[in-house]
Amino acid sequence: MRYLKGYSLLLVASLVACSKDSSTTTKVGNWIRRSEFEGVARSAAASFVIDNKAYVGTGYDGTNRLQDFWVFDVDLNQWTQKAAFPGVGRSGAVGMSMAGKGYIGTGYDGLNKLNDFYQYDPVANTWSRKADFGGSARYGAVAFALNDKGYIATGYDGNWLKDNWRYDPGANAWTQVQSLTSGKRQDGNAFVINNKAYVCMGTANGSYVSDFYAFDGATETWSTLRSIDNVTDQSFDDNYNFKGSGAASFAMRGLGYIVSGTKTGLSSAVWEYNPGTDLWVQKTDFEGAARNGATGFTVKDRGFVVLGTSSSQPFDNMFEFDPTAAYNQYD
Amino acid sequence: MTKRKLSWLVPVLLLLLLAGYRYYRDSSQQEDMIQLTVVPFETGGGWGYKVMADHHSYIYQDVIPGIAGNRPFRSKEDAAKVGQAVVEKLMAHQRPTMTLTELSKMQVAGLQ
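Below is a short write-up of the structure. Remember, it's a predicted structure, so these values are computed and weren't measured experimentally. (Residues numbered from 1 in each chain as written. Chains lettered and ligands numbered in written order. Predicted model: local features only at pLDDT ≥ 70, side-chain atom pairs only at ≥ 80, totals over all residues. Heavy atoms only, no water.)

**Points about the sheet that holds strand 13 (residues 173-177) of chain A**
Residue and element names in this part refer to chain A.
Line of reasoning, step 1. The 4 strands lie next to each other as 10-11-12-13, forming an open sheet whose pairing is antiparallel. One side of each edge strand has no neighbouring strand; the edge strands of this open sheet are strand 10 (142-146) and strand 13. On average, each strand axis in the sheet is tilted by 25° relative to the strand beside it, whichever way the strands run.
Line of reasoning, step 2. As paired elements, strand 11 (residues 149-156) and strand 12 (residues 160-168) share 6 bridges and run antiparallel to each other. Bridge pairing in strand 12 places Tyr156 opposite Trp160. (Pairing = 2+ DSSP bridges. Helix = DSSP H or I, 4+ residues; strand = E, 2+ residues; numbered from the N terminus. Axes fitted to C-alpha atoms, helices over the stretch in contact; angles between N-to-C directions.)

Take a look at the structure:
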(Lines give C-alpha, C1' and ligand atoms only; values in the text may rest on other atoms or scores of the structure.)
Protein backbone atom coordinates (compact mmCIF):
# COMPACT_ATOMS: atom_id res chain seq x y z
CA MET A 1 0.00 0.00 0.00
CA ARG A 2 2.72 2.48 0.95
CA TYR A 3 4.50 1.63 -2.30
CA LEU A 4 1.35 2.27 -4.25
CA LYS A 5 0.82 5.68 -2.65
CA GLY A 6 4.39 6.65 -3.31
CA TYR A 7 4.17 5.49 -6.87
CA SER A 8 1.00 7.43 -7.61
CA LEU A 9 2.52 10.63 -6.18
CA LEU A 10 5.53 10.09 -8.40
CA LEU A 11 3.17 9.67 -11.34
CA VAL A 12 1.45 12.98 -10.60
CA ALA A 13 4.79 14.76 -10.25
CA SER A 14 6.05 13.42 -13.57
CA LEU A 15 2.82 14.36 -15.35
CA VAL A 16 3.04 17.92 -14.01
CA ALA A 17 6.61 18.14 -15.23
CA CYS A 18 5.63 16.77 -18.63
CA SER A 19 2.72 19.13 -19.19
CA LYS A 20 4.80 22.09 -18.07
CA ASP A 21 7.38 21.12 -20.65
CA SER A 22 4.93 20.78 -23.53
CA SER A 23 3.22 24.09 -22.77
CA THR A 24 6.62 25.81 -23.04
CA THR A 25 7.14 24.37 -26.51
CA THR A 26 3.74 25.58 -27.77
CA LYS A 27 4.69 29.16 -26.80
CA VAL A 28 6.77 29.65 -29.96
CA GLY A 29 6.39 33.12 -31.44
CA ASN A 30 5.05 36.26 -29.87
CA TRP A 31 1.75 36.88 -28.20
CA ILE A 32 -0.01 40.19 -28.40
CA ARG A 33 -3.28 41.13 -26.78
CA ARG A 34 -6.05 41.14 -29.39
CA SER A 35 -7.25 44.61 -28.43
CA GLU A 36 -3.70 45.95 -28.85
CA PHE A 37 -3.18 44.48 -32.30
CA GLU A 38 -3.25 47.51 -34.59
CA GLY A 39 -1.79 46.07 -37.79
CA VAL A 40 -1.73 48.50 -40.70
CA ALA A 41 -4.23 50.77 -38.89
CA ARG A 42 -4.78 54.37 -40.03
CA SER A 43 -7.51 56.83 -40.97
CA ALA A 44 -8.08 59.06 -44.01
CA ALA A 45 -6.24 56.65 -46.34
CA ALA A 46 -6.51 56.72 -50.14
CA SER A 47 -7.59 53.60 -52.00
CA PHE A 48 -8.48 52.07 -55.35
CA VAL A 49 -9.45 48.62 -56.63
CA ILE A 50 -7.74 46.82 -59.54
CA ASP A 51 -8.32 43.20 -60.57
CA ASN A 52 -10.29 42.31 -57.46
CA LYS A 53 -7.61 43.59 -55.09
CA ALA A 54 -7.92 46.67 -52.92
CA TYR A 55 -4.90 48.97 -52.74
CA VAL A 56 -4.79 51.17 -49.65
CA GLY A 57 -2.08 53.62 -48.65
CA THR A 58 -1.11 56.98 -47.16
CA GLY A 59 -3.36 58.26 -44.33
CA TYR A 60 -2.84 59.38 -40.74
CA ASP A 61 -1.94 57.21 -37.73
CA GLY A 62 -2.58 59.87 -35.09
CA THR A 63 1.04 61.05 -35.15
CA ASN A 64 2.40 60.81 -38.68
CA ARG A 65 1.11 61.24 -42.19
CA LEU A 66 1.99 58.10 -44.06
CA GLN A 67 3.61 57.01 -47.33
CA ASP A 68 3.30 53.28 -46.99
CA PHE A 69 1.14 51.41 -49.45
CA TRP A 70 -0.51 48.00 -49.15
CA VAL A 71 -2.65 45.67 -51.18
CA PHE A 72 -5.45 43.76 -49.44
CA ASP A 73 -6.63 40.40 -50.76
CA VAL A 74 -10.23 40.01 -49.60
CA ASP A 75 -10.41 36.29 -50.36
CA LEU A 76 -7.37 35.45 -48.26
CA ASN A 77 -7.91 38.33 -45.81
CA GLN A 78 -4.23 39.24 -45.95
CA TRP A 79 -2.06 42.30 -46.59
CA THR A 80 1.08 42.69 -48.73
CA GLN A 81 3.28 45.78 -48.47
CA LYS A 82 3.93 47.23 -51.93
CA ALA A 83 6.21 50.00 -53.27
CA ALA A 84 5.96 53.08 -51.04
CA PHE A 85 3.97 56.05 -52.33
CA PRO A 86 6.65 58.39 -53.75
CA GLY A 87 5.05 61.70 -52.74
CA VAL A 88 5.24 63.21 -49.25
CA GLY A 89 3.29 61.34 -46.54
CA ARG A 90 -0.27 62.63 -46.45
CA SER A 91 -3.83 62.24 -45.20
CA GLY A 92 -7.06 63.15 -46.93
CA ALA A 93 -5.70 62.21 -50.37
CA VAL A 94 -7.96 60.58 -52.97
CA GLY A 95 -7.52 57.47 -55.10
CA MET A 96 -9.18 55.99 -58.17
CA SER A 97 -8.34 53.48 -60.90
CA MET A 98 -8.51 53.89 -64.67
CA ALA A 99 -7.62 51.31 -67.33
CA GLY A 100 -5.79 48.95 -64.98
CA LYS A 101 -3.68 51.62 -63.25
CA GLY A 102 -4.19 53.23 -59.86
CA TYR A 103 -3.91 56.93 -59.06
CA ILE A 104 -3.42 58.84 -55.80
CA GLY A 105 -3.18 62.62 -55.47
CA THR A 106 -3.94 65.78 -53.49
CA GLY A 107 -4.13 65.61 -49.66
CA TYR A 108 -2.52 67.24 -46.63
CA ASP A 109 0.99 66.69 -45.23
CA GLY A 110 0.28 68.37 -41.89
CA LEU A 111 1.54 71.73 -43.13
CA ASN A 112 0.66 72.06 -46.81
CA LYS A 113 -2.31 71.29 -48.96
CA LEU A 114 -1.14 69.26 -51.94
CA ASN A 115 -1.85 69.03 -55.68
CA ASP A 116 0.63 66.39 -56.85
CA PHE A 117 -0.68 63.28 -58.56
CA TYR A 118 0.83 59.82 -59.08
CA GLN A 119 0.13 56.66 -61.07
CA TYR A 120 0.65 53.13 -59.69
CA ASP A 121 1.32 50.18 -62.00
CA PRO A 122 0.15 47.03 -60.15
CA VAL A 123 1.96 44.66 -62.53
CA ALA A 124 5.39 46.30 -62.23
CA ASN A 125 4.76 47.48 -58.61
CA THR A 126 6.08 50.96 -59.51
CA TRP A 127 4.91 54.57 -59.13
CA SER A 128 5.36 57.45 -61.56
CA ARG A 129 4.49 61.10 -61.09
CA LYS A 130 1.88 62.50 -63.47
CA ALA A 131 0.59 65.99 -64.29
CA ASP A 132 -0.26 67.93 -61.11
CA PHE A 133 -3.94 68.15 -60.31
CA GLY A 134 -5.44 71.04 -62.32
CA GLY A 135 -7.40 72.59 -59.46
CA SER A 136 -6.07 74.26 -56.30
CA ALA A 137 -4.06 72.20 -53.79
CA ARG A 138 -6.57 70.63 -51.41
CA TYR A 139 -7.53 67.78 -49.12
CA GLY A 140 -10.77 66.01 -48.28
CA ALA A 141 -11.86 65.89 -51.94
CA VAL A 142 -13.83 63.02 -53.52
CA ALA A 143 -12.60 61.05 -56.52
CA PHE A 144 -14.24 58.60 -58.91
CA ALA A 145 -13.63 57.14 -62.36
CA LEU A 146 -16.16 56.98 -65.21
CA ASN A 147 -15.33 55.60 -68.68
CA ASP A 148 -11.67 55.21 -67.65
CA LYS A 149 -11.42 58.94 -66.94
CA GLY A 150 -10.72 60.14 -63.41
CA TYR A 151 -12.47 62.95 -61.60
CA ILE A 152 -11.50 64.89 -58.48
CA ALA A 153 -14.19 67.18 -57.05
CA THR A 154 -14.94 69.25 -53.93
CA GLY A 155 -12.51 69.38 -50.95
CA TYR A 156 -10.88 72.11 -48.88
CA ASP A 157 -8.13 74.49 -50.05
CA GLY A 158 -8.66 77.08 -47.30
CA ASN A 159 -12.21 77.40 -48.55
CA TRP A 160 -14.81 74.72 -49.17
CA LEU A 161 -14.94 73.74 -52.84
CA LYS A 162 -17.44 72.48 -55.41
CA ASP A 163 -15.30 72.42 -58.56
CA ASN A 164 -14.76 69.24 -60.57
CA TRP A 165 -11.80 68.21 -62.75
CA ARG A 166 -11.34 65.42 -65.26
CA TYR A 167 -8.05 63.55 -65.72
CA ASP A 168 -7.40 61.92 -69.09
CA PRO A 169 -4.74 59.22 -68.60
CA GLY A 170 -4.02 59.04 -72.34
CA ALA A 171 -3.23 62.75 -72.61
CA ASN A 172 -1.94 63.03 -68.99
CA ALA A 173 -3.90 66.26 -68.72
CA TRP A 174 -6.54 67.86 -66.49
CA THR A 175 -9.64 69.67 -67.72
CA GLN A 176 -12.12 71.53 -65.57
CA VAL A 177 -15.65 70.28 -66.12
CA GLN A 178 -18.99 71.31 -64.68
CA SER A 179 -18.93 72.13 -60.96
CA LEU A 180 -21.52 70.87 -58.51
CA THR A 181 -24.55 73.18 -58.64
CA SER A 182 -23.93 74.10 -55.02
CA GLY A 183 -22.93 71.90 -52.10
CA LYS A 184 -19.32 72.88 -51.44
CA ARG A 185 -17.82 70.39 -49.02
CA GLN A 186 -14.84 68.49 -47.65
CA ASP A 187 -14.65 64.85 -46.48
CA GLY A 188 -17.66 63.87 -48.56
CA ASN A 189 -18.32 60.46 -50.11
CA ALA A 190 -18.66 59.29 -53.69
CA PHE A 191 -19.87 55.99 -55.09
CA VAL A 192 -20.38 54.96 -58.72
CA ILE A 193 -23.41 53.08 -60.10
CA ASN A 194 -24.00 52.56 -63.84
CA ASN A 195 -21.59 55.24 -65.06
CA LYS A 196 -22.95 57.83 -62.63
CA ALA A 197 -21.07 59.15 -59.60
CA TYR A 198 -23.12 59.99 -56.52
CA VAL A 199 -21.67 62.61 -54.15
CA CYS A 200 -23.05 63.19 -50.67
CA MET A 201 -22.06 63.71 -47.01
CA GLY A 202 -19.20 65.99 -45.87
CA THR A 203 -18.86 69.28 -44.02
CA ALA A 204 -18.67 72.97 -44.93
CA ASN A 205 -18.57 76.03 -42.67
CA GLY A 206 -18.69 73.82 -39.59
CA SER A 207 -21.92 72.04 -40.47
CA TYR A 208 -22.87 68.83 -42.22
CA VAL A 209 -23.89 69.11 -45.85
CA SER A 210 -27.22 67.60 -46.86
CA ASP A 211 -27.12 68.32 -50.61
CA PHE A 212 -26.86 65.24 -52.80
CA TYR A 213 -25.82 65.15 -56.46
CA ALA A 214 -25.18 62.71 -59.29
CA PHE A 215 -22.62 63.25 -62.06
CA ASP A 216 -23.31 61.57 -65.39
CA GLY A 217 -20.15 60.27 -67.08
CA ALA A 218 -21.74 60.42 -70.56
CA THR A 219 -22.95 64.02 -70.48
CA GLU A 220 -20.51 65.29 -67.79
CA THR A 221 -23.33 67.14 -66.07
CA TRP A 222 -24.61 67.15 -62.49
CA SER A 223 -28.16 66.60 -61.44
CA THR A 224 -29.58 67.44 -58.03
CA LEU A 225 -31.08 64.58 -56.04
CA ARG A 226 -33.24 64.62 -52.94
CA SER A 227 -31.52 66.02 -49.88
CA ILE A 228 -30.20 63.44 -47.37
CA ASP A 229 -31.79 65.24 -44.41
CA ASN A 230 -35.37 65.57 -43.19
CA VAL A 231 -36.07 68.79 -45.08
CA THR A 232 -39.41 68.16 -46.80
CA ASP A 233 -42.97 67.97 -45.50
CA GLN A 234 -43.28 64.55 -47.11
CA SER A 235 -42.77 61.37 -45.14
CA PHE A 236 -40.04 59.69 -47.21
CA ASP A 237 -37.26 61.61 -45.44
CA ASP A 238 -38.73 61.64 -41.93
CA ASN A 239 -36.10 59.16 -40.74
CA TYR A 240 -33.14 60.63 -42.65
CA ASN A 241 -30.60 61.41 -39.94
CA PHE A 242 -27.27 60.36 -41.41
CA LYS A 243 -25.65 63.52 -42.77
CA GLY A 244 -22.08 63.61 -41.45
CA SER A 245 -18.44 63.23 -42.43
CA GLY A 246 -15.66 60.67 -42.40
CA ALA A 247 -18.00 57.87 -43.47
CA ALA A 248 -16.97 54.94 -45.65
CA SER A 249 -18.85 54.40 -48.90
CA PHE A 250 -19.10 51.77 -51.61
CA ALA A 251 -21.55 50.60 -54.26
CA MET A 252 -22.59 47.03 -54.92
CA ARG A 253 -25.33 45.29 -56.90
CA GLY A 254 -26.66 48.61 -58.15
CA LEU A 255 -27.05 50.21 -54.73
CA GLY A 256 -24.91 52.71 -52.79
CA TYR A 257 -23.88 52.45 -49.13
CA ILE A 258 -22.78 54.97 -46.50
CA VAL A 259 -21.26 53.33 -43.41
CA SER A 260 -20.29 54.70 -39.99
CA GLY A 261 -18.47 58.07 -39.77
CA THR A 262 -19.13 61.06 -37.54
CA LYS A 263 -22.58 62.56 -37.06
CA THR A 264 -23.13 64.27 -33.72
CA GLY A 265 -20.82 61.53 -32.40
CA LEU A 266 -19.34 58.43 -33.97
CA SER A 267 -22.07 56.47 -35.71
CA SER A 268 -22.33 52.83 -36.75
CA ALA A 269 -25.37 53.44 -38.95
CA VAL A 270 -25.54 52.00 -42.47
CA TRP A 271 -27.74 53.62 -45.14
CA GLU A 272 -28.50 52.20 -48.56
CA TYR A 273 -29.28 54.33 -51.62
CA ASN A 274 -31.42 53.13 -54.50
CA PRO A 275 -30.81 55.26 -57.63
CA GLY A 276 -33.99 53.92 -59.21
CA THR A 277 -36.22 55.47 -56.55
CA ASP A 278 -33.83 58.19 -55.27
CA LEU A 279 -34.58 56.93 -51.75
CA TRP A 280 -32.45 55.83 -48.79
CA VAL A 281 -33.22 53.06 -46.30
CA GLN A 282 -31.39 52.31 -43.08
CA LYS A 283 -29.79 48.85 -42.89
CA THR A 284 -28.36 46.76 -40.05
CA ASP A 285 -25.79 48.77 -38.09
CA PHE A 286 -22.09 48.27 -38.83
CA GLU A 287 -20.88 45.31 -36.77
CA GLY A 288 -17.50 46.78 -35.88
CA ALA A 289 -16.95 49.69 -33.53
CA ALA A 290 -18.19 53.01 -34.93
CA ARG A 291 -15.31 54.75 -36.64
CA ASN A 292 -14.16 57.79 -38.57
CA GLY A 293 -12.03 57.94 -41.72
CA ALA A 294 -12.48 54.26 -42.60
CA THR A 295 -11.99 53.03 -46.17
CA GLY A 296 -14.84 51.44 -48.11
CA PHE A 297 -14.50 49.53 -51.37
CA THR A 298 -16.20 46.89 -53.49
CA VAL A 299 -14.49 43.75 -54.77
CA LYS A 300 -16.37 41.10 -56.78
CA ASP A 301 -19.63 42.87 -55.94
CA ARG A 302 -18.91 42.50 -52.22
CA GLY A 303 -18.67 45.59 -50.01
CA PHE A 304 -15.90 46.00 -47.43
CA VAL A 305 -14.98 48.51 -44.76
CA VAL A 306 -11.41 48.54 -43.41
CA LEU A 307 -9.30 50.65 -41.04
CA GLY A 308 -10.46 53.99 -39.56
CA THR A 309 -10.22 55.33 -35.99
CA SER A 310 -12.39 55.74 -32.93
CA SER A 311 -11.12 58.67 -30.79
CA SER A 312 -7.54 57.51 -30.30
CA GLN A 313 -7.90 53.82 -31.09
CA PRO A 314 -6.86 52.92 -34.66
CA PHE A 315 -8.55 49.83 -36.08
CA ASP A 316 -7.11 47.06 -38.16
CA ASN A 317 -10.11 44.82 -38.56
CA MET A 318 -12.03 44.29 -41.80
CA PHE A 319 -15.78 43.89 -42.23
CA GLU A 320 -17.77 42.67 -45.18
CA PHE A 321 -21.29 43.95 -45.57
CA ASP A 322 -23.92 41.63 -46.99
CA PRO A 323 -27.04 43.75 -47.55
CA THR A 324 -29.36 40.79 -48.17
CA ALA A 325 -28.38 38.38 -45.39
CA ALA A 326 -30.28 38.21 -42.15
CA TYR A 327 -28.30 39.78 -39.33
CA ASN A 328 -26.13 37.31 -37.42
CA GLN A 329 -24.31 38.79 -34.45
CA TYR A 330 -22.16 35.67 -34.08
CA ASP A 331 -20.49 35.62 -37.49
CA MET B 1 -14.97 3.34 1.11
CA THR B 2 -11.71 1.64 1.92
CA LYS B 3 -8.40 3.32 2.57
CA ARG B 4 -7.04 1.64 -0.52
CA LYS B 5 -9.59 3.34 -2.80
CA LEU B 6 -9.03 6.76 -1.19
CA SER B 7 -5.31 6.62 -1.84
CA TRP B 8 -6.01 6.47 -5.59
CA LEU B 9 -8.69 9.13 -5.51
CA VAL B 10 -6.43 11.95 -4.25
CA PRO B 11 -3.89 11.98 -7.10
CA VAL B 12 -6.63 11.42 -9.70
CA LEU B 13 -8.57 14.41 -8.39
CA LEU B 14 -5.37 16.47 -8.36
CA LEU B 15 -4.73 15.54 -11.97
CA LEU B 16 -8.25 16.46 -13.04
CA LEU B 17 -7.99 19.84 -11.30
CA LEU B 18 -4.67 20.51 -12.97
CA ALA B 19 -5.95 19.53 -16.41
CA GLY B 20 -9.03 21.71 -15.93
CA TYR B 21 -6.93 24.69 -14.88
CA ARG B 22 -4.62 24.31 -17.88
CA TYR B 23 -7.55 24.01 -20.27
CA TYR B 24 -9.14 27.11 -18.78
CA ARG B 25 -5.90 29.09 -18.95
CA ASP B 26 -5.09 28.03 -22.52
CA SER B 27 -8.56 28.78 -23.86
CA SER B 28 -8.73 32.18 -22.17
CA GLN B 29 -5.26 32.98 -23.49
CA GLN B 30 -6.32 32.12 -27.03
CA GLU B 31 -9.35 34.32 -26.75
CA ASP B 32 -7.64 37.61 -26.02
CA MET B 33 -4.11 36.93 -27.24
CA ILE B 34 -2.87 36.66 -30.82
CA GLN B 35 0.16 34.56 -31.61
CA LEU B 36 2.49 36.07 -34.21
CA THR B 37 4.99 33.89 -36.05
CA VAL B 38 7.16 34.30 -39.16
CA VAL B 39 7.18 31.64 -41.87
CA PRO B 40 9.68 32.08 -44.73
CA PHE B 41 8.69 30.52 -48.06
CA GLU B 42 10.25 30.09 -51.52
CA THR B 43 8.83 32.21 -54.31
CA GLY B 44 9.79 33.11 -57.89
CA GLY B 45 13.53 32.45 -57.62
CA GLY B 46 13.88 33.84 -54.11
CA TRP B 47 12.23 34.03 -50.70
CA GLY B 48 9.30 35.72 -49.05
CA TYR B 49 7.74 35.56 -45.60
CA LYS B 50 4.34 35.23 -44.04
CA VAL B 51 3.48 36.79 -40.71
CA MET B 52 1.01 34.40 -39.19
CA ALA B 53 -1.49 35.79 -36.70
CA ASP B 54 -3.35 32.93 -35.01
CA HIS B 55 -2.42 30.50 -37.80
CA HIS B 56 -3.77 32.88 -40.46
CA SER B 57 -1.35 34.65 -42.84
CA TYR B 58 -2.03 38.25 -41.86
CA ILE B 59 0.85 39.57 -43.99
CA TYR B 60 1.88 37.71 -47.15
CA GLN B 61 5.12 39.25 -48.41
CA ASP B 62 6.28 37.72 -51.70
CA VAL B 63 8.24 40.86 -52.68
CA ILE B 64 10.65 42.97 -50.63
CA PRO B 65 8.29 45.36 -48.79
CA GLY B 66 8.15 49.06 -49.64
CA ILE B 67 10.50 49.05 -52.63
CA ALA B 68 9.58 49.37 -56.29
CA GLY B 69 9.58 46.30 -58.53
CA ASN B 70 8.74 42.67 -57.91
CA ARG B 71 11.90 41.44 -56.25
CA PRO B 72 11.79 38.61 -53.74
CA PHE B 73 14.43 38.29 -51.02
CA ARG B 74 17.64 36.63 -52.20
CA SER B 75 17.97 34.43 -49.13
CA LYS B 76 15.77 32.70 -46.59
CA GLU B 77 17.77 34.44 -43.86
CA ASP B 78 16.93 37.92 -45.21
CA ALA B 79 13.23 37.04 -45.52
CA ALA B 80 13.16 35.61 -41.98
CA LYS B 81 14.93 38.55 -40.34
CA VAL B 82 12.75 41.16 -42.07
CA GLY B 83 9.65 39.15 -41.11
CA GLN B 84 10.92 39.09 -37.53
CA ALA B 85 11.40 42.88 -37.62
CA VAL B 86 7.76 43.21 -38.77
CA VAL B 87 6.60 41.07 -35.84
CA GLU B 88 8.64 43.18 -33.42
CA LYS B 89 6.95 46.30 -34.78
CA LEU B 90 3.51 44.76 -34.29
CA MET B 91 4.49 43.76 -30.74
CA ALA B 92 5.56 47.37 -30.08
CA HIS B 93 2.18 48.67 -31.35
CA GLN B 94 3.75 50.14 -34.47
CA ARG B 95 2.57 49.78 -38.05
CA PRO B 96 4.23 46.73 -39.69
CA THR B 97 5.67 48.92 -42.45
CA MET B 98 9.29 48.49 -43.54
CA THR B 99 11.15 51.38 -45.17
CA LEU B 100 14.08 51.32 -47.59
CA THR B 101 16.27 52.92 -44.89
CA GLU B 102 15.48 50.14 -42.43
CA LEU B 103 16.07 47.43 -45.03
CA SER B 104 19.44 48.99 -45.97
CA LYS B 105 20.47 49.10 -42.29
CA MET B 106 19.60 45.41 -42.01
CA GLN B 107 21.85 44.79 -45.04
CA VAL B 108 19.13 43.07 -47.01
CA ALA B 109 20.53 41.93 -50.37
CA GLY B 110 18.97 42.90 -53.71
CA LEU B 111 17.48 46.27 -52.77
CA GLN B 112 18.92 48.07 -55.79
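**Focus: the pairing of strand 20 (residues 248-252) of chain A**
Residue and element names in this part refer to chain A.
Line of reasoning, step 1. With respect to burial, strand 20 is a largely interior element, 5 of its 5 residues being buried.
Line of reasoning, step 2. With 5 bridges joining them, strand 20 and strand 21 (residues 255-259) adopt antiparallel strand pairing. Each bridged residue has a counterpart across the sheet, and for Met252 the counterpart in strand 21 is Leu255.
Line of reasoning, step 3. The loop that links strand 20 with its antiparallel partner strand 21 comprises 2 residues; one of these, Arg253, has a positive phi angle of about 50°. (Buried < 20%, exposed > 50% of the residue type's maximum accessible area, 1.4 Å probe, protein only.)

**Comments concerning the environment of Gly110 of chain A**
Residue and element names in this part refer to chain A.
Line of reasoning, step 1. With respect to the element layout, Gly110 can be found in the loop between strand 7 (101-108) and strand 8 (113-121).
Line of reasoning, step 2. Overall, the relative accessible area of 32% leaves Gly110 in the partly exposed class.
Line of reasoning, step 3. Taking C-alpha positions, Gly110 is 40 Å from Asp238, a pair spaced 128 residues apart along the chain.

**Things to note about the sheet that holds strand 25 (residues 302-306) of chain A**
All names here are of chain A.
Line of reasoning, step 1. On the basis of which strands lie adjacent, the open sheet formed by 3 strands has the order 24-25-28 and antiparallel pairing. Where the open sheet ends on each side, the last strands, each with one partner, are strand 24 (295-299) and strand 28 (318-321). Averaged over all pairs of adjacent strands, the angle between strand axes in this sheet comes to 25°, irrespective of strand direction.
Line of reasoning, step 2. In terms of strand pairing, strand 25 meets strand 28 through 4 bridges, oriented antiparallel. In the strand pairing of strand 28, Val305 is matched with Phe319.

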